[in-house]
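A structural walkthrough
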Amino acid sequence: MCIIRSRSIRNIRTDQYYTLIAIYRNLKKTYQLKMSAMKKYFWDSEETEYMLKVLRELDIAKHLDGRKVRNLKLFKVAEKRMKQAGYHRSIDQIRHRWKVLKTSYYSWNNNQQTVKLTRFPQYATTMQSIMDESETWNRSHDTNRGPVRIRNRPKPTVHEEDTEDSEEEVVTAAQSLHDNSTVDVIIKTDPDPETPPEMDSNLRIGFIGAGNMAYGIAKGVLQSGDVPPTNVKVSAPSTRNFGRFQELGVAVTHSNAELVSSCDMVFVAVKPHLVATVLSEITDHVTRKHIIVSVAAGVTLATLQGLLPFDAVVLRLMPNLPCLVQQGALLFSRGTRARQEDGDLLRSLLQHCGLVEEGPEAWIDIHTGLSGSGVAFVYLFAEALAEGAVKMGMPSALAHSIAAQTVLGAGQLLRDSGKHPAQLRSEVCTPGGTTIFGLHAMEQGGVRAATMTAVETATERARELGRKSAPTATENRK
Ligand SMILES: NC(=O)C1=CN([C@@H]2O[C@H](COP(=O)(O)OP(=O)(O)OC[C@H]3O[C@@H](n4cnc5c(N)ncnc54)[C@H](O)[C@@H]3O)[C@@H](O)[C@H]2O)C=CC1
Ligand SMILES: O=C(O)[C@@H]1CCC=N1
């Protein structure tokens, strides 16, 4: 375009020149519109730092106790202050950004303890200070709070969505903090999944299936320290996979029915085609106290509910393999009998498995393509990266280790910076430099279309598995 503007192209007619200029201006306008639309959704570091500064000034540290009523007030003031500084964000956007930063902070913090990451991601210092302030404040102010059992809570008496909070409500909530008899009521009516309440330490968790997914989730659940290993059990027909569970201190059995009878929450972690057989084995032992969570790809809530007693509490969860290192991406949906608090309990138990979100069931198959299977797409890419380096003469072991670190670093920066991948990609590209040449080759290879098709195809396959595992009308009538 610069060449066109300087009219250095020879033999071009004036009308052609002006047509090209018009095309250039149009492209530029589209690009600017796209960038401003992107800016609307993606936060830059300056804006994020300003938001954290405001939230810190507003003492968000004192509000990290899971009471949304009080938090809403705080986010309202933050929205005003940001507007005054020229940052036009809605309360929801600020709250969402804060939630993302908090999740990133927690998982960064967990990794600090387990794998001692040396890199200090962006915002970590500010987040660390806020969290430290919160811990100090909670220690000195919240000693009166009795343990909150998330289970067996009566149904909330107030609608759980955010309501406009009056000054009085905020004061009532704050006063109740020092009153044992009313604290429980506030938590029930206004749960905040971001700050999980204390767990019932008698909760017993079972895993049907002793494979990778069961192991990854079990590790995450135990990491929280809320559930002792003695309260966890796993069942499988063979002892082959029991070893690593036993190393965690988890009990083992060959009987799925016995496992269900001795557990409150049961994860069904067998291959999708075995789900019907397993559920028919356990259905007589499932009572209203149980929470059944299936991780089987494609198997729908309707199918699961159809194979279990009509009042069974069922959730469908799609995890991914990095749960094994507490860096999973998990999405769950609640069945018709599962209450908000059942979802809160699940979310709370899984918080050390990685990012945990709740969504409509239609998204579970998409998440399967994007993330459950998506992990394998990234591995394929990492393998190809390394092979490229081997082709150019680098020793294989070094190439694979650098490829793994490249994927890890790129992912961590993407998650922690909150930037759009296109923005980060452009930050790597020097005009006329190495990256743009490489990217051009990738586009010629159709990497973008192939990846989109991979997610689409995997999603479709999950849907197909769902149709295959659905009981037929005849079976339903039995
Ligand atoms: N591997 C992955 O990355 C992901 C898997 N999933 C889902 O998780 C589920 C489990 O997958 P993986 O852990 O990868 O499989 P896996 O093959 O590693 O484990 C399956 C386990 O089920 C046990 N099993 C077989 N028949 C059984 C029975 N009748 N009763 C009790 N246990 C039985 C096997 O002994 C094995 O321990 C599948 O439904 C899959 O769709 C979901 C997301 C990601
Ligand atoms: O390939 C599969 O079917 C499972 C589900 C998502 C990842 N692995």
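As the structure is a computational prediction, the values presented were derived from the model and not from experiment. (Residues numbered from 1 in each chain as written. Chains lettered and ligands numbered in written order. Predicted model: local features only at pLDDT ≥ 70, side-chain atom pairs only at ≥ 80, totals over all residues. Heavy atoms only, no water.)

All right, on to the side chain of His367 then. Mapped onto the fold, His367 is located in helix H15 (residues 362–372). A distance of 3.2 Å separates the side chain of His367 from the backbone oxygen of Met318, its partner in a polar contact. In this structure the side chain of His367 is engaged in a polar contact, spanning 3.0 Å, whose partner is the backbone oxygen of Ala329. In contact with His367, other than residues within four places in its own chain, are Met318, Ala329, Leu330, Leu331 and Gly372. (Helix = DSSP H or I, 4+ residues; strand = E, 2+ residues; numbered from the N terminus. Polar contact = N/O pair within 3.5 Å; in protein donor to acceptor, adjacent residues only side chain to side chain. Contact = heavy atoms within 4.5 Å.)

Now for the sheet that holds strand E8 (residues 354–358). Read from one edge to the other, the open sheet built from eight strands follows the order E3-E2-E1-E4-E5-E6-E7-E8, with strand pairing classed as mixed. Every interior strand has two partners, whereas the edge strands, strand E3 (251–253) and E8, have only one. If you compare each strand with its neighbour and ignore which way they point, the axes differ by 20 degrees on average. Where strand E6 (residues 313–318) and strand E7 (residues 328–334) come together, four bridges link them in antiparallel fashion. Looking across to E7, one finds that Met318 is bridged to Leu331. Contacts from helix H9 (residues 212–223) reach strand E1 (205–208), strand E2 (232–235), strand E4 (265–268) and E6 within the one sheet, and its direction differs from that of E1 by about 170 degrees. Sheet strands in contact with H15 are E6 and E7, and its direction is about 170 degrees off that of E7. (Pairing = 2+ DSSP bridges. Axes fitted to C-alpha atoms, helices over the stretch in contact; angles between N-to-C directions.)

Bringing the site of ligand 2 into the picture now. With respect to spatial proximity, the complete set of residues near ligand 2 consists of Ala297, Thr368, Gly372 and Ser373. In isolation ligand 2 has 250 Å² of accessible area, and contact with the protein removes 46% of it. Taken together, the residues that form the shell around ligand 2 break down as one nonpolar, three polar and no charged. (Near = heavy atom within 4 Å. Areas by Shrake-Rupley, 256 points an atom, 1.4 Å probe, with all protein chains shown as cover. Nonpolar A, V, L, I, M, F, W, Y, C, P; charged D, E, K, R; others polar.)

Further remarks concern a nonpolar patch on the surface. Residues Phe381, Leu385, Met442 and Val447 make up a contiguous nonpolar surface patch of roughly 280 Å² in combined accessible area. You can see Phe381 is positioned in helix H16 (residues 374–391). (Patch = residues over 30% accessible without salt bridge, like charges linked within 9 Å, V, L, I, M, F, W, Y side chains within 5 Å. Salt bridge = Lys/Arg side-chain N within 4 Å of Asp/Glu carboxyl O.)

Soluble, globular proteins show a tendency: their nonpolar side chains are buried together. Residues Ile205, Phe207, Met265, Phe267, Leu317 and Leu350 are the most contacted members of the largest nonpolar core, which totals 37 residues. In terms of residue count, H9 provides more of this core than any other element does, seven residues in total. When residues no more than four places from it in sequence are discounted, the contact partners of Ile205 are Val227, Asn231, Val232, Lys233, Cys263, Met265, Phe267 and Leu349. If you look at the next biggest cluster of nonpolar residues, it comprises 26 residues, including Trp43, Ile60, Ala78 and Trp98. (Core = buried A, V, L, I, M, F, W, Y, C linked by side-chain atoms within 4.5 Å. Buried < 20%, exposed > 50% of the residue type's maximum accessible area, 1.4 Å probe, protein only.)

This paragraph deals with the packing of aromatic side chains. Enumeration over the complete set of coordinates arrives at three aromatic pairs. Summarising the aromatic geometry, the rings of Tyr50 and Tyr87 are spaced 5.3 Å apart at their centres and angled 40 degrees between planes, so their arrangement reads as tilted. With Tyr50 in helix H3 (residues 45–57) and Tyr87 in the loop between helix H4 (68–84) and helix H5 (91–115), this pair connects stretches of sequence that are 37 residues apart. A relative accessible area of 24% means that Tyr50 is categorised as partly exposed. The exposure class assigned to Tyr87 is buried, which follows from its relative accessible area of 16%. Each ring, one from Phe207 and one from Phe267, has its centre 4.9 Å from the other, and the planes form 10 degrees; the classification is stacked. Here Phe267 lies in strand E4 and Phe207 lies in strand E1, a separation of 60 residues in the sequence. For Phe207, a relative accessible area of 1% translates into the label buried. (Phe/Tyr/Trp six-rings, centres within 6.5 Å; stacked < 30°, edge-to-face > 60°.)

Any functional reading would require information that these geometric values do not contain.
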